[in-house]
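Results of the structural survey
The lines below spell out each chain.
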Amino acid sequence: MVRVSVIGAKGRMGSHVVDAVKGADDMELALTLDAGDDLTAVSPANTDVAVEFTVPSVSLDNVLALIGQGVDVVVGTTGWTEEKLAKVREALSAAPHDDQAVFIAPNFAISAVLADHFATVAARYFESAEVIELHHPTKVDAPSGTAFHTAQGIAVARRAAGLGPVPDATETDGGSRGQVVDGIHVHAVRLRGLNAHEEILFGNAGEQLTIRADSFDRTSFMPGVLLAVRKLAEGGHAGLTIGLDRFLDL
Ligand SMILES: NC(=O)C1=CN([C@@H]2O[C@H](COP(=O)(O)OP(=O)(O)OC[C@H]3O[C@@H](n4cnc5c(N)ncnc54)[C@H](O)[C@@H]3O)[C@@H](O)[C@H]2O)C=CC1
Ligand SMILES: O=C(O)C1=N[C@H](C(=O)O)C[C@H](O)C1
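Residues numbered from 1 in each chain as written. Chains lettered and ligands numbered in written order. Predicted model: local features only at pLDDT ≥ 70, side-chain atom pairs only at ≥ 80, totals over all residues. Heavy atoms only, no water.

1. Observations concerning the pairing of strand β6 (residues 128–135)
The criterion, for reference: Throughout this description, buried means an accessible area under 20% of the type-specific maximum (1.4 Å probe, protein chains only), exposed means over 50%, and partly exposed covers the range between. The secondary structure listing takes helices from DSSP runs of H or I that are at least 4 residues long and strands from runs of E that are at least 2 residues long, numbered from the N terminus. Any two strands between which DSSP finds at least two bridges are classified as paired.
Across the eight residues that make up β6, a large majority, six, are buried. As defined by bridge partners, β6 adjoins strand β8 (residues 184–190) across six bridges and the pair is classed as parallel. Counted as the bridge partner of E133 is A188 from β8.

Structure below.
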């Protein structure tokens, strides 16, 4: 049995993870912690894998603390920058065990992971590309971690194909053109009734491709979370791994 502790267990995602772990035949729920709880309670004596879904402002500190405790960590919290990732890699290089693993995914839903993947495939064939993410109005960060990751993937693919900047004649902009991530405009919608959605728009003269992923319910993220837990528990993923695509045969 894989012993799983959940950090952020009272949150929207954390509470779903608690239920998913309880419902998995090969896992048992170890500790459930939330704001104010002491992470040093999590250790190899009680936990094989910790799952972290909290808020971007605290996630790095939590992950560093869990590495120090010697447990593998699956992270779903957003807000990861290159600087933060470098701190995780540094902590892992000084970790208690050589084979210690941290896995971070901007999105655990198969629809979103595939949309992201298809976008990187499509990117080199189109002159224009923009990303629109649409979420519930209780989300604290914008743009979504997924949209940020998608835009970066498109930008890398465009550069590799020798494409220049996206065409855009805008001269006056009060913010309507969204946030520019690596040259790709990303727009964030917050609307009651939505959960987590992303549209990736590609355009050429006279044609358009739209790739859209919809997570209507947080249960959509749970198979991906459990897959990541199983992958870390079986070993062979030492260090920092980013993106569920790494565990799918894409
Ligand atoms: N990777 C993925 O597939 C997904 C990622 N997310 C991301 O997961 C994160 C959490 O989202 P939600 O669950 O909707 O947020 P939420 O606000 O419902 O839950 C966050 C939880 O973390 C707790 N918390 C705050 N500080 C803490 C600390 N220092 N230690 C332990 N717990 C602490 C809060 O009390 C709360 O219970 C966000 O960054 C969100 O973007 C959300 C959905 C899917
Ligand atoms: O806060 C959310 O809800 C979500 N957060 C993640 C993100 O920012 O990409 C994943 C998904 O979009 C839901």
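There is more to say, and it comes next.
2. Overview of the environment of A169
Within the secondary structure, A169 sits in the loop between α5 (145–160) and β7 (179–181). The class of A169 is exposed, set by a relative accessible area of 72%. Residues A169 and D61 lie 108 residues apart in sequence; the distance between their C-alpha atoms is 42 Å.

3. Brief notes about helix α2 (residues 56–69)
Note the following rule: A helix is expected to span 1.5 Å for every residue after the first. In this analysis, two residues are considered to be in contact whenever any of their non-hydrogen atoms come within 4.5 Å of each other.
For α2, built from 14 residues, the straight-helix expectation of 20 Å at 1.5 Å per residue is met to within 8% by its first-to-last C-alpha distance of 21 Å. Buried positions along α2 lie against β1 (2–7), β3 (49–52), β4 (72–75), α3 (82–93) and β5 (101–104). Two residues or fewer after α2 comes G70, characterised by a positive phi angle close to 85 degrees.

4. Some thoughts on the packing of α2 against α3
This is how the line gets drawn: Axis geometry follows a simple rule: fit a line to the C-alpha atoms, using only the stretch in contact for helices, then measure angles between N-to-C directions, giving values from 0 to 180 degrees. Throughout this description, any angle smaller than 35 degrees is read as roughly parallel, any larger than 145 degrees as roughly antiparallel, any in the 65 to 115 degree range as roughly perpendicular, and the remainder as oblique. Gly is placed with the polar residues, together with every amino acid not listed as nonpolar (Ala, Val, Leu, Ile, Met, Phe, Trp, Tyr, Cys and Pro) or charged (Asp, Glu, Lys and Arg).
Relative to each other, α2 and α3 sit at 10 degrees, their axes nearing to 9 Å. The orientation of α2 relative to α3 falls into the category roughly parallel. Here P56, L60, V63, L64 and I67 of α2 lie close against α3, whose contacting residues are K84, K87, V88, A91 and L92. Looking at the contact of α2 with α3 residue by residue, the class counts come to eight nonpolar, no polar and two charged.

5. What to know about helix α6 (residues 222–234)
If you check α6, its first and last C-alpha atoms are 18 Å apart, about what 13 residues at 1.5 Å a residue would give, namely 18 Å. Of all the residues in α6, the buried ones are M222, G224, V225, L226, A228, V229 and L232. As for α6, its buried residues are in contact with β1, α1 (12–22), β2 (27–33), β3, β4 and β5.

6. Examining the sheet that holds β3
Sheet architecture is open: six strands sit in the order β2-β1-β3-β4-β5-β11, paired in parallel fashion. Each edge of the open sheet carries a strand with a single partner, namely β2 and β11 (239–242). The sheet shows a mean angle of 20 degrees between the axes of neighbouring strands, taken without regard to direction. Where β4 lies against β5, three bridges are found, and the strand directions are parallel. When the sheet's bridge partners are listed, V75 is paired in β5 with I104.

7. Topic: the domain arrangement of the protein
The criterion, for reference: These domain limits were set by an automatic method or by a database of domain assignments. A quick way to say it: buried area is the sum, across both parts, of accessible area lost when two parts are put together, with a 1.4 Å probe. Put simply, a salt bridge is a Lys or Arg side-chain nitrogen that is within 4 Å of an Asp or Glu carboxyl oxygen. Any pair of nitrogen or oxygen atoms within 3.5 Å is treated as a polar contact; in protein, a donor-acceptor pairing is required on top of that, and neighbouring residues in sequence qualify only through side-chain atoms on both sides.
Split by domain assignment, the protein resolves into domain 1 (2–104 + 219–247) and domain 2 (110–215). The distance between the C-alpha centroids of domain 1 and domain 2 comes to 28 Å. Listed by partner, the interface residues are seven residues for domain 1 and ten residues for domain 2. A combined buried area of about 690 Å² lies between domain 1 and domain 2, and 62% of that area is made up of carbon and sulfur atoms. The three residues of domain 1 that bury the most area against domain 2 are R12, T78 and F221, which together make up 47% of that side's buried surface. Inspection of the region where domain 1 meets domain 2 yields zero salt bridges. If you look at where domain 1 meets domain 2, you find three residue pairs in polar contact (both at pLDDT 80 or more). Looking at the side of domain 1 that touches domain 2 residue by residue, the class counts come to three nonpolar, two polar and two charged.

8. Some thoughts on the packing of aromatic side chains
Stated precisely, the cut-off is as follows: Side-chain rings of Phe, Tyr and Trp (the six-membered ring for Trp) are treated as a pair once their centres are within 6.5 Å; stacked means planes under 30 degrees apart, edge-to-face means over 60, and tilted covers the remaining angles.
Using the criterion set out here, one finds four aromatic pairs in the structure. Seen in terms of ring centroids, F53 and F108 are 5.9 Å apart; in terms of plane orientation they differ by 55 degrees. Their pairing is tilted. Pair noted here: F53 is in the loop between β3 and α2 and F108 is in the loop between β5 and α4 (110–122), with a separation of 55 residues, a long-range link. Comparing F53 with F108 shows no difference in burial state: the two are buried.

9. Quick look at the site of ligand 2
Keep this limit in mind: Note on terminology: near, applied to a residue and a molecule or strand, indicates that one of the residue's heavy atoms is within 4 Å of it.
All residues in the neighbourhood of ligand 2 are listed as T78, P106, N107, H135, H136, K139, D141, S144, G145, T146, A196 and F221. Between ligand 2 and H135, the relevant distance is 2.6 Å, taken from an oxygen atom to a side-chain nitrogen or oxygen of the residue. For ligand 2, an oxygen atom lies 2.8 Å from a polar atom in the backbone of G145. A class-by-class count of the residues in the shell around ligand 2 yields three nonpolar, seven polar and two charged.

10. Observations regarding a nonpolar patch on the surface
For the record, the criterion: Within the patch definition used here, like charges are joined within 9 Å and nonpolar side chains (Val, Leu, Ile, Met, Phe, Trp, Tyr) within 5 Å, considering only residues with over 30% relative accessible area and no salt bridge. The method behind every accessible area is Shrake-Rupley, applied with a 1.4 Å probe, and residues are considered shielded solely by the protein chains displayed.
On the surface, a cluster of nonpolar side chains totalling about 240 Å² of accessible area is made up of V55, V58 and V140. Topologically, V140 is positioned in the loop between β6 and α5.

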